[in-house]
Amino acid sequence: MLQETRLHRIRALLTRLNQVSTERIIRELGVSRETARRDIIELEARGLARRVHGGLVAIETAAEPPLTERRSTQTREKRTIARAAAQLLQPGQTLFLDAGSTTTLLAEELHALSGLTIVTNSLQAALALSAGEEDQPLNNQIILLGGMMSAGAQQTRGEITVGEIIRYRADIALLSPVGIEAGNGASSFHPHEAAIARAMVQQSAACYLLADHTKLGVVSRTVYAPPQAISLLITDSGGEGDALEALQQTLPEVMVV
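Report follows, based on the coordinates. (Residues numbered from 1 in each chain as written. Predicted model: local features only at pLDDT ≥ 70, side-chain atom pairs only at ≥ 80, totals over all residues. Heavy atoms only, no water.)

1. Points about the overall build of the protein
The helix and strand tally for the protein stands at 10 helices and 13 strands. On C-alpha atoms alone, the protein measures out to a radius of gyration of 19 Å, which is about the 18 Å that the 2.2 N^0.38 rule sets for 257 residues. Projected onto the principal axes, the alpha-carbon positions of the protein cover approximately 70 × 35 × 30 Å. Summarising the internal contacts of the protein: among those between residues at least 6 apart in sequence, 65% fall at separations of at least 24. Just so you have it, the protein exposes about 12,200 Å², and 49% of that area is on carbon and sulfur atoms. A distance of 8 Å separates the average location of the 24 positive side-chain charges in the protein from that of its 28 negative side-chain charges. (Helix = DSSP H or I, 4+ residues; strand = E, 2+ residues; numbered from the N terminus. Rg over C-alpha atoms; globule rule 2.2 N^0.38 Å. Contact = heavy atoms within 4.5 Å. Areas by Shrake-Rupley, 256 points an atom, 1.4 Å probe, with all protein chains shown as cover. Lys, Arg positive; Asp, Glu negative; His and termini not counted. Charge placed at Lys NZ, Arg CZ, Asp CG, Glu CD.)

Listed below in structure tokens is the structure:
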């Protein structure tokens, strides 16, 4: 097994468990103690984990900023990505949209299209899609998923929301991850957001990720879509470098706009 493959598998364990022992690495990967030790040292040298007695612990991922704050960062890039995604869609398709800053901008772009069925847990996306006068007919069918709310949240979530998602089959899930990395795939900071995104991926024929260049090479706390589940990544041209190159080599298609 190549070292890069081993490192990706160890990082996947860390993402799931937050801490992994040397013995667990040896058992899971079927490697010698010396190989496990070298991999542990390499992960720490790359700044991807912290070595402790008996194994590794994950480096704490910074919490994701609130949606209102995220909407004010990389706005030009996110708008460009959203417009590129909208141009790929056809009347008659059913879409899932999660509650992200880029997918909210996508909803604003979709408002001008017609013939789509859009299923979302995002209140902001639903409002953008239904903007207009009260007696004005909508161009698209908008379905807002039910579920639990919390203070300040602009999305529904929880078991009710996931249960509603599995009632639908979509052509495309359009998702805005916290991070996208070649070895681990798409990830989110909050487990409840990851659960919704995971269900949307499972219930869709294709998965399109909308991620600006700051999200490339990032692994957040909860992985919800492995690389093989991702059909297309749409990103901006600010992401030149190793992370983008690795994604281009791993994913079926990467669109740089």
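Having seen it, we continue.
2. Considering the nonpolar core
Ranked by size, the top nonpolar core spans 29 residues in total, and within it L175, I180, M200, L209, Y224 and L233 carry the most contacts. What M200 contacts, discounting residues up to four positions off in sequence, is F96, L97, D98, V119, N121, L145, I165, A173 and L175. Listed in part, the 24 residues of the second largest apolar core include L97, L106, I172 and L210. (Core = buried A, V, L, I, M, F, W, Y, C linked by side-chain atoms within 4.5 Å. Buried < 20%, exposed > 50% of the residue type's maximum accessible area, 1.4 Å probe, protein only.)

3. A short note on the packing of helix α1 (residues 3–17) against helix α3 (residues 33–45)
Relative placement of two packed helices is described by the angle separating their axes and the distance separating the axes. Put simply, α1 and α3 touch, their axes get as near as 10 Å, and they point 75° apart. By the criterion of interaxial angle, the relationship of α1 to α3 is roughly perpendicular. Packed against α1, whose contacting residues are Q3, R6, L7, I10 and R11, the element α3 presents T35, R38, D39, E42 and L43 at the interface. Partitioned by chemical class, the residues of the contact of α1 with α3 number 3 nonpolar, 2 polar and 5 charged. (Axes fitted to C-alpha atoms, helices over the stretch in contact; angles between N-to-C directions. Parallel < 35°, antiparallel > 145°, perpendicular 65-115°, else oblique. Nonpolar A, V, L, I, M, F, W, Y, C, P; charged D, E, K, R; others polar.)

4. Description of unusual backbone geometry
Positioned with a positive phi, N18 is a non-glycine residue whose angle comes to about 75°. Mapped onto the secondary structure, N18 falls in the loop between α1 and β1 (19–21).

5. Quick word on the side chain of S176
In this structure, S176 sits in the loop between β7 (170–175) and β8 (179–181). Only 3.2 Å separates the side chain of S176 from the side chain of K215, close enough to count as a polar contact. Discounting residues that sit within four places of it in the chain, S176 has contacts with D98, G100, S101, T102, T103, L210, K215 and Y224. (Polar contact = N/O pair within 3.5 Å; in protein donor to acceptor, adjacent residues only side chain to side chain.)

6. Here's the deal with the sheet that holds strand β3 (residues 55–58)
The sheet built from 3 strands is open, its strands ordered β1-β3-β2 with antiparallel pairing. Single-partner strands in this sheet number two, and they are β1 and β2 (49–52). Adjacent strand axes in the sheet meet at a mean angle of 25° when their direction is disregarded. On top of the sheet, helix α2 (residues 22–29) reaches β1 and β3; it is set at about 75° to β1, its chief contact. Those strands touched by α3 are β2 and β3, and its axis lies near 130° from that of β2. (Pairing = 2+ DSSP bridges.)

7. Re the side chain of T156
Its place among the elements puts T156 in the loop between β6 (141–144) and α8 (159–165). A polar contact of 2.9 Å, which involves the side chain of T156, links it to the backbone oxygen of L145. Residues contacting T156, with those up to four places away along its chain left out, are N121, L123, L145, G146, G147, M148, M149, T161 and I196.

8. Some remarks on the pairing of β3
Taken residue by residue, a regular strand's side chains alternate between the two faces of the sheet. Alignment of β1 against β3, held across 3 bridges, turns out to be antiparallel. Bridge pairing in β3 links V20 to L56. Both β2 and β3 contribute to a ladder of 4 bridges, which runs antiparallel. Its bridge partner being in β3, R51 is matched across the sheet by L56. The turn linking β2 back onto β3 is made up of 2 residues, and G54 within it adopts a positive phi angle of 95°.

9. What about the environment of L14?
Of note, L14 is situated in helix α1. Discounting chain neighbours no more than four positions away, the residues touching L14 are Q19, V20, A49, L56, V57 and A58.

10. Some thoughts on the pattern of salt bridges
Opposite charge on two side chains makes pairing possible when the charged atoms of those side chains draw close. For the coordinates displayed, the defined rule picks out 11 salt bridges. Residue R79 pairs with E109 through a salt bridge whose shortest N-O separation is 3.3 Å. Note that R79 is positioned in helix α5 (residues 75–86) and E109 in helix α6 (residues 101–110), a separation of 30 residues in sequence. The buried category is assigned to E109, whose relative accessible area is 18%. The partner of R83 in a salt bridge is E109, with the nearest N and O atoms 3.3 Å apart. Note that R83 is positioned in helix α5 and E109 in helix α6, a separation of 26 residues in sequence. (Salt bridge = Lys/Arg side-chain N within 4 Å of Asp/Glu carboxyl O.)

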